[in-house]
Amino acid sequence: FERAVQTRAVNEQLDAELRRFLLHLSPYFMLRPAHKCLEWLVYRYQIHSYNADELLMCILPYHETNYFVRALQMLNLDGNGDENTRRWLWLADNQKKGVPLAPLTLATHLFSELTFFNFLAGDYLQHAIALFTDSARVESEVQRKHWANALQFVFSFLTKTLLQSIKQLAAVSQASKLSRKSANNK
């Protein structure tokens, strides 16, 4: 299967399925079977090239781990990629140095880059809600519980990130007030 020679419709359907799968996989990213799944998807469908957004949203909740760094290092973040890959250029330093992403860095980037905020709180959240609340696809009570837990995982990650961002924004605001006050005193 070579994605480059497939029709647009085939690639769009594949992208939709991969997005669904990676959203389901995200809560289990730290498990070895999840790593095997990602490895196979990279080999078979080149998700690190064609689905960078979906892959990074699958692993972003684990930004403080070495597994995140290993997955991040698969991506091409040199600025020559498509728009979706360029969205993640701010991670190039972490990729190059092989260090996990600090929560403070993520929080700062969230409030300093509005397009990233819109992507995270808009696109990613909307896809997760649409996927995990689709009652037409629920086949059992176990599946319903799994989807509720997966949606809770998404909300937990976004809430934690947004709260860190608000805390960081408040600290920056307080520091700027203090510096203006000391400048006025001088």
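Look up a bit, the structure's there.
As the structure is a prediction and not an experimental result, all values here were calculated from the model. (Residues numbered from 1 in each chain as written. Predicted model: local features only at pLDDT ≥ 70, side-chain atom pairs only at ≥ 80, totals over all residues. Heavy atoms only, no water.)

**Quick notes on a nonpolar patch on the surface**
Then, in step 1: A cluster of nonpolar side chains, contributed by F111, L169 and V172, occupies part of the molecular surface with about 230 Å² of accessible area.
Then, in step 2: Here F111 shows up in helix α8 (residues 103-112). (Patch = residues over 30% accessible without salt bridge, like charges linked within 9 Å, V, L, I, M, F, W, Y side chains within 5 Å. Areas by Shrake-Rupley, 256 points an atom, 1.4 Å probe, with all protein chains shown as cover. Salt bridge = Lys/Arg side-chain N within 4 Å of Asp/Glu carboxyl O. Helix = DSSP H or I, 4+ residues; strand = E, 2+ residues; numbered from the N terminus.)

**Some details on the pattern of salt bridges**
Then, in step 1: Across all of its chains, the model carries 9 salt bridges by this definition.
Then, in step 2: For the salt bridge of D15 with R3, the shortest nitrogen-to-oxygen distance reads 2.3 Å. Pair noted here: D15 is in helix α1 (residues 8-25) and R3 is in the segment before α1, with a separation of 12 residues, a long-range link.
Then, in step 3: For D15, a relative accessible area of 22% corresponds to the partly exposed category.
Then, in step 4: The class for R3 is buried, based on a relative accessible area of 2%.
Then, in step 5: Here K160 makes a salt bridge to E64, at a shortest N to O gap of 3.5 Å. Separated by 96 residues along the polypeptide, K160 in helix α10 (residues 141-185) and E64 in the loop between α4 (52-59) and α5 (66-72) bring together distant segments of the chain.
Then, in step 6: The class of E64 is partly exposed, set by a relative accessible area of 44%. (Buried < 20%, exposed > 50% of the residue type's maximum accessible area, 1.4 Å probe, protein only.)

**Section: unusual backbone geometry**
Then, in step 1: Even without a glycine there, the phi angle at Q46 is positive, about 50°.
Then, in step 2: With respect to the helices, strands and loops of the structure, Q46 is situated in the loop between α2 (32-45) and α3 (47-50).

**Remarks on the nonpolar core**
Then, in step 1: In this structure, I47, L60, W88, L91, L120 and F132 are the most contacted members of the largest nonpolar core, which totals 48 residues.
Then, in step 2: For this core, the elements supplying multiple residues, two or more each, are α1, α2, α4, α5, α8, α9 (114-132) and α10.
Then, in step 3: Broken down by element, this core gets its largest block of residues, 8 residues, from α9.
Then, in step 4: With residues near it in sequence (within four places) discarded, I47 still touches L18, L22, L38, L41, V42, A52 and L55. (Core = buried A, V, L, I, M, F, W, Y, C linked by side-chain atoms within 4.5 Å. Contact = heavy atoms within 4.5 Å.)

Treat this as a map of the structure, not an account of what it does.
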